[in-house]
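Here's the letter readout for the chains.
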Amino acid sequence: MGSEARAAQVEEVIRRLEAHYVFPDVAAKLVEVLRARLGEGAYVDLDDAEFATAVTADLQSVNDDKHLRLRHHLDPVAEDGDAELASDGFRQAAELENFGIAAVRRLPGNVGYLDTTMLYPLDFAAAAVSAAMTLVAPADALLIDVRRNRGGSPETSAFLQSYLVDERTHYLDIYERDGDRVTQMWTLPYVPGPKFGGTKPIWVLTGPSTFSGGEDLAFSLQRQERAKTVGEPTRGGAHPREQYKVDTYLDVTVPIARSYDPKSGENWEGVGVSPNIPVAADKAFDTAYALALRHVLELGGSGPRRVVAEEARKALDQL
């Protein structure tokens with residue numbers, strides 16, 4: 001790739017930063033960094049993948065915004081914005097990942113378990129999320145595993161959280177630079193199927209790979225005191241982003257907004273979601289499951305609950 005072509009690609013990244021990055025003052029600093037690096041010849045003699053890695057490091061050098069990335073793709077990239085989400089390839093990828101629902105089951109002791117890897121757009125994922133929440137609705141306690149959740153849609157987070165409350169809840173605000181506006185995120189007044197409800201205990205399993213939309217879920221349930229988080233601090237990305245085409249095989253993801261707690265104004269950007277119960281991520285399941293089983297045993301063991309209590313005692317002994 002010639003130096004003129006690389007310069008044009010860097011200038012396209014700069015154009016997107018200046019137009020869209022949620023923090024214009026940081027964008028101005030990043031422009032200086034990128035042009036200085038370009039002048040030094042830092043991007044010469046790099047292939048596209050190496051170029052994307054180098055530019056990403058420079059983009060994250062000012063404020064370590066992990067949503068700010070230049071990405072190299074093996075296939076031609078979609079046009080700006082929602083084009084990627086509307087593509088057949090993205091839909092197929094979502095289907096192959098079961099729309100982000102990696103596992104859902106009833107564990108011994110009537111404890112529900114939901115493992116999510118991605119919060120896909122709601123028009124894709126609603127049926128899968130609803131089916132999963134229907135399965136766990138009768139459980140006495142619930143474990144939500146976001147240790148591998150790499151992000152996704154705020155609307156899907158709202159949909160899932162709506163199964164976990166009894167009344168509409170204002171749990172997050174999102175400030176968007178475009179239009180200088182704030183969108184309030186509320187749980188929905190209606191969701192299909194039965195709810196788990198707003199009183200039974202929930203533990204959210206977290207780890208260093210939990211990112212973005214997965215962090216939204218953990219942060220919001222924690223701040224509402226609707227759930228306890230168990231595991232390690234999360235990765236720390238609170239900025240909803242958009243993707244913009246740079247060249248045939250390159251696009252740049254630019255944070256266009258910031259999410260925050262409507263009560264405190266705080267978020268998880270750069271620091272992650274701190275666990276209520278700190279344990280190694282690979283111990284989070286056993287720790288949370290043991291807590292859930294103890295809760296189940298506190299509900300009693302006579303009558304219809306006899307079988308469940310016996311399951312809980314055996315499961316607890318095996319942990």
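Below you will find a few notes about this structure. Quantities reported herein were computed from a predicted structural model and do not represent experimental measurements.

## Overview of the environment of E242
Relative to the helices and strands, E242 resides in strand β9 (residues 241-247). Linking E242 and A280, residues 38 residues apart in sequence, is a C-alpha distance of 33 Å.

## A few points about the packing of helix α2 (residues 24-39) against helix α3 (residues 48-59)
The contact between α2 and α3 brings their axes to 9 Å, and the two run at 140 degrees. Overall, the two elements α2 and α3 adopt an arrangement that is oblique. Every pair of crossing elements has a handedness; the one defined by α2 and α3 is right-handed. Packed against α2, whose contacting residues are L30, V33, L34 and R37, the element α3 presents V55, D58 and L59 at the interface. For the contact of α2 with α3, the residue count by class is five nonpolar, no polar and two charged.

## Re the packing of helix α9 (residues 284-298) against helix α10 (residues 306-318)
Running from N to C, α9 and α10 cross one another at 145 degrees; their axes reach a closest spacing of 9 Å. Crossing of α9 over α10 shows left-handed handedness. On the side of α9, the interface is formed by Y289, A290, L293, R294, V296 and L297, while α10 contributes V308, A309, A312, R313, A315 and L316. Split into classes, the residues belonging to the contact of α9 with α10 amount to ten nonpolar, no polar and two charged.

Conventions adopted
Residues numbered from 1 in each chain as written. Predicted model: local features only at pLDDT ≥ 70, side-chain atom pairs only at ≥ 80, totals over all residues. Heavy atoms only, no water. Helix = DSSP H or I, 4+ residues; strand = E, 2+ residues; numbered from the N terminus. Axes fitted to C-alpha atoms, helices over the stretch in contact; angles between N-to-C directions. Parallel < 35°, antiparallel > 145°, perpendicular 65-115°, else oblique. Left-handed = near helix turned anticlockwise from the far one by under 90°. Contact = heavy atoms within 4.5 Å. Nonpolar A, V, L, I, M, F, W, Y, C, P; charged D, E, K, R; others polar.

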